[in-house]
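Architecture at a glance
Here is what each chain is made of, one letter per residue.
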Amino acid sequence: MKRSIVISIKPEFADLIFSGEKSVELRRAIPKDVPSSTEIYIYASSPIQSIVGKAEIKRVEAHPLNKLWEKIGDKAGISVDYFNKYFDGKEVGYGLVLNNVKKFSSPFHLRSLKKHFNFHPPQSYMYTTPDLLSYLS
């Protein structure tokens, strides 16, 4: 069975993803098994607090930081200073190259997700449960 994940993103970065200005989501850590075509659900953190859309991972770029910035920095929607602060203390970083991005017309708010699925927003990522996946589909 193919697994999907939920990732937490600051609302301003989620907006950049949906506008097409950001096609790579940077991560300090990722699940061990994130094959190409893994579906990700985008949880926009406070003040939005909703699952606002989804995308597909086209591929994962895993590189030492200078190479990662060289390869995907122009697609990450951030400055090199922000990149360096975000990855402070890390040797390697990950870039989730996204495609098939879709913004939901009606976001799934945290209140409803908590009520129906005991959902707690992930710090970084979490796997979807079959019930949650069915609800989001």
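Relevant structure appears above.
Described below are features of the structure shown in this document. Since we're looking at a predicted model, the values are computed, not measured. (Residues numbered from 1 in each chain as written. Predicted model: local features only at pLDDT ≥ 70, side-chain atom pairs only at ≥ 80, totals over all residues. Heavy atoms only, no water.)

1. Considerations on unusual backbone geometry
The omega torsion across Ser46 and Pro47 is 10 degrees, close enough to zero to call that bond cis. Residue Ser37 is not a glycine yet carries a positive backbone phi of 75 degrees. By the secondary structure assignment, Ser37 is in the loop between β2 (24-27) and β3 (39-44). The phi angle at Asn100 is positive, at roughly 50 degrees, despite the residue not being glycine. Structurally, Asn100 can be placed in strand β5 (residues 92-109). (Helix = DSSP H or I, 4+ residues; strand = E, 2+ residues; numbered from the N terminus.)

2. Brief notes about the side chain of Arg27
Of note, Arg27 is situated in strand β2. Within the local environment of Arg27, its side chain forms a polar contact with the backbone oxygen of Ser124, the two atoms lying 2.9 Å apart. In this view, Arg27 contacts Ile7, Ser8, Ile9, Tyr86, Phe87, Gly93, Tyr94, Leu96 and Ser124; residues no more than four positions away in its chain are not counted. (Polar contact = N/O pair within 3.5 Å; in protein donor to acceptor, adjacent residues only side chain to side chain. Contact = heavy atoms within 4.5 Å.)

3. Section: the pattern of salt bridges
In this structure the tally under the stated criterion is six salt bridges. Note that Glu25 is salt-bridged to Lys22, the shortest N-O span being 3.4 Å. Residue Glu25 is classed as buried on the basis of its relative accessible area, which comes to 6%. The partner of Glu61 in a salt bridge is Arg59, and the shortest N-O contact between them spans 2.7 Å. Exposure remark for Glu61: the relative accessible area of 7% places this residue in the buried category. Given a relative accessible area of 36%, Arg59 falls into the partly exposed group. (Salt bridge = Lys/Arg side-chain N within 4 Å of Asp/Glu carboxyl O. Buried < 20%, exposed > 50% of the residue type's maximum accessible area, 1.4 Å probe, protein only.)

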